[in-house]
Amino acid sequence: MKTAVITGITGQDGAYLSKFLLEQNYKVIGITRNLHSGNFLGLKYLNINNEVELVEANLLDFSNIIRLLEKYHPDEIYNLAAQSSVGLSFEQPIGTLEFNIISTANILEAVRIINKKIKIYQSSSSEMYGNVDRSKLPIDETFILHPSSPYGISKAAAHWIAVNYREAYDMFISCGILFNHESVLRRPNFVTKKILTSAIKIKNSELDYLTVGNTSIRRDWGYAPEYVKTMWKMLNSDIPDDYVICTGEAHELQEFVDKVFKKLKLDAKRVVKRDQSLFRPVELDVIYGNPSKARRKLNWNYKISFDELIDKLIEDEIRYDEWFKKFIR
Ligand code: NAP
């Protein structure tokens, strides 16, 4: 039985990746900043909270990571912990840079010292590319990084540190450059989750309207439970490398809103309001990627269309809403 350590296990990807690795017969050790935060809804919803071992650790404290490695002897580490919100990174730039960069450097250095054979997955992001010239889209692994937010900068720095450890110390480190991927386990401060939960509340007469910022942005959106499988594939292929993971299509946020409201038979024009204060200082207008390297080398065979994605997100959200209401009763 292989042992995997997942940092950021309480997040969207951490929960789905845990479920997937348990199905592959892994022992899963999950790292959280606070065992008493009650932040385990995702793991509970997937019914795996008793299947994983949760450990409290401060990834900014190098000695914590050394102890973790000495205690659990993992075969693989999936480094998912991060302040992952672009919007929040403009409010908390220093905290975002500090956590996202130093935690990654600590993990890499600890593995280099304790056991270089441990394989590491680093969660890089499409936000590292920033506002790419439209004529050059779609983005692939060879593009120059020119991030437009503190979050993007932190991910770019962590990415290059990971690449440097791979090249300098011959370690097995793969970076997944994932484009936006959504699910019912998205945090409430992400726009897709806000749209879905608000639309369902409006449908149930529990809310009057939805407020959104800039809906003209275009993104390459995928389904999180499918995307996490590529993390495992990256660590279980022959050589470590960097991979763009995406659908290859961009859709406007307004289209996302319209489809969700239409599918729920709601009149978006009547119940969706725009709020200038939700606009960001710098916004990526349009971004989408080219997943052909992942298709070729990882057998990445993603087939969920944008319409199917919206259907799945609505179905999951309704199921989650029912589960949550029973759960808190
Ligand atoms: P998420 O839901 O925000 O989860 C991240 C986890 O990191 C949290 O549950 C939190 O767990 C932990 N964490 C540790 N330090 C933190 C800090 N200072 N601030 C906030 N959280 C902190 O993220 P995700 O969507 O699962 O994404 C997983 C990883 O992939 C992240 O590194 C993200 O940046 C990256 N990524 C995500 C996407 C996407 O579309 N979802 C795309 C590209 C890259 P505790 O509170 O339990 O410690």
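A brief look at the structure comes next. (Residues numbered from 1 in each chain as written. Predicted model: local features only at pLDDT ≥ 70, side-chain atom pairs only at ≥ 80, totals over all residues. Heavy atoms only, no water.)

## Re the site of the ligand
Moving on, step 1. Taken together, 24 residues lie near the ligand, and Thr10, Thr32, Ser84, Tyr151 and Arg187 sit nearest.
Moving on, step 2. Between the ligand and the protein, one listed contact pairs an oxygen atom with a side-chain N or O atom of tyrosine 151 at 2.5 Å.
Moving on, step 3. Contacts to the ligand include lysine 155, whose side-chain N or O atom sits 2.8 Å from an oxygen atom.
Moving on, step 4. Alone, the ligand offers 870 Å² of accessible surface; in the complex the protein occludes 91% of this.
Moving on, step 5. Secondary-structure elements contributing two or more residues to the shell around the ligand are helix H1 (12-23), strand E5 (119-125) and helix H6 (150-169). (Near = heavy atom within 4 Å. Polar contact = N/O pair within 3.5 Å; in protein donor to acceptor, adjacent residues only side chain to side chain. Areas by Shrake-Rupley, 256 points an atom, 1.4 Å probe, with all protein chains shown as cover. Helix = DSSP H or I, 4+ residues; strand = E, 2+ residues; numbered from the N terminus.)

## Observations concerning the layout of surface pockets
Moving on, step 1. The computed volume of the second largest pocket comes to approximately 500 Å³.
Moving on, step 2. Taken together, 24 residues form the lining of the second largest pocket, with Leu41, Arg186, Pro188, Lys193 and Tyr320 sitting closest to its centre.
Moving on, step 3. Residue assignment for the lining of the second largest pocket shows that the elements contributing at least two residues are H1, helix H2 (41-45), helix H7 (191-203) and helix H12 (306-328).
Moving on, step 4. Considering every element that reaches the lining of the second largest pocket, the biggest residue donor is H12, with 5 residues.
Moving on, step 5. The residue makeup of the lining of the second largest pocket, split by class, is 9 nonpolar, 7 polar and 8 charged. (1 Å grid on protein atoms, 1.4 Å probe; cavity = no way out; pocket = protein on both sides within 12 Å on 5 of 7 lines; lining within 4 Å. Points joined across faces, edges and corners; volume = space filled by probe spheres on them. Nonpolar A, V, L, I, M, F, W, Y, C, P; charged D, E, K, R; others polar.)

## Topic: the packing of aromatic side chains
Moving on, step 1. One pass over the structure, following the stated rule, counts 14 aromatic pairs.
Moving on, step 2. Taking 5.1 Å as the distance between ring centres and 70° as the angle between the ring planes, the aromatic pair formed by tyrosine 45 and tryptophan 323 counts as edge-to-face. With tyrosine 45 in helix H2 and tryptophan 323 in helix H12, the pair connects residues that are 278 residues apart, well separated along the chain.
Moving on, step 3. Using a relative accessible area of 17% as the deciding quantity, one classes tyrosine 45 as buried.
Moving on, step 4. Both rings, one in tryptophan 221 and one in phenylalanine 256, keep their centres 5.4 Å apart while their planes meet at 50°; by these two values the pair is tilted. One end of the pair, tryptophan 221, is in the loop between strand E9 (218-219) and strand E10 (222-223); the other, phenylalanine 256, is in helix H9 (residues 253-263), with 35 residues separating them in the sequence. The pair tryptophan 221 / phenylalanine 256 is uniform in exposure class, with both members buried. (Phe/Tyr/Trp six-rings, centres within 6.5 Å; stacked < 30°, edge-to-face > 60°. Buried < 20%, exposed > 50% of the residue type's maximum accessible area, 1.4 Å probe, protein only.)

## With respect to the packing of H7 against H12
Moving on, step 1. Where H7 meets H12, the axes come as close as 10 Å, and the angle between the chain directions of the two elements is 60°. Accordingly, the angle class assigned to the pair H7 and H12 is oblique. Crossing geometry of H7 relative to H12 is assigned as right-handed. Between H7, through Lys193, Leu196, Thr197 and Ile200, and H12, the contact on the second element is made entirely by Leu313, Ile314, Glu317, Ile318, Tyr320 and Asp321. (Axes fitted to C-alpha atoms, helices over the stretch in contact; angles between N-to-C directions. Parallel < 35°, antiparallel > 145°, perpendicular 65-115°, else oblique. Left-handed = near helix turned anticlockwise from the far one by under 90°. Contact = heavy atoms within 4.5 Å.)

## Section: the sheet that holds strand E2 (residues 27-32)
Sheet strands line up and pair through hydrogen bonds in the backbone, either parallel or antiparallel.
Moving on, step 1. In space, the 7 strands of this open sheet follow the order E3-E2-E1-E4-E5-E6-E11, with parallel pairing throughout. A strand with exactly one partner marks an edge of an open sheet, and here the two such strands are strand E3 (53-56) and strand E11 (242-245). Looking at each pair of strands side by side, their axes are set apart by 20° on average, direction ignored.
Moving on, step 2. Lying on the sheet, H1 is in contact with strand E1 (3-7), E2, strand E4 (76-79) and strand E6 (173-178); it crosses E1 at an angle near 170°.
Moving on, step 3. Against the sheet, helix H3 (residues 62-72) contacts E1, E2, E3 and E4, and its axis sits at roughly 150° relative to E3. (Pairing = 2+ DSSP bridges.)

## Describing empty space enclosed by the protein
Moving on, step 1. Tallied over the full model, the rule gives 2 cavities of 30 Å³ or more.
Moving on, step 2. Estimates place the volume of the largest cavity at around 60 Å³.
Moving on, step 3. Contributing to the lining of the largest cavity are Val5, Thr7, Ile31, Leu59, Ile65, Leu68, Leu69, Ile77 and Ile107.
Moving on, step 4. Going through the elements one at a time, E1 and H3 are the ones with two or more residues in the lining of the largest cavity.
Moving on, step 5. Considering every element that reaches the lining of the largest cavity, the biggest residue donor is H3, with 3 residues.
Moving on, step 6. The residue inventory of the lining of the largest cavity, partitioned by class, reads 8 nonpolar, 1 polar and no charged.
Moving on, step 7. Approximately 30 Å³ is the volume attributed to the second largest cavity.

Read these as spatial facts, not as claims about activity.
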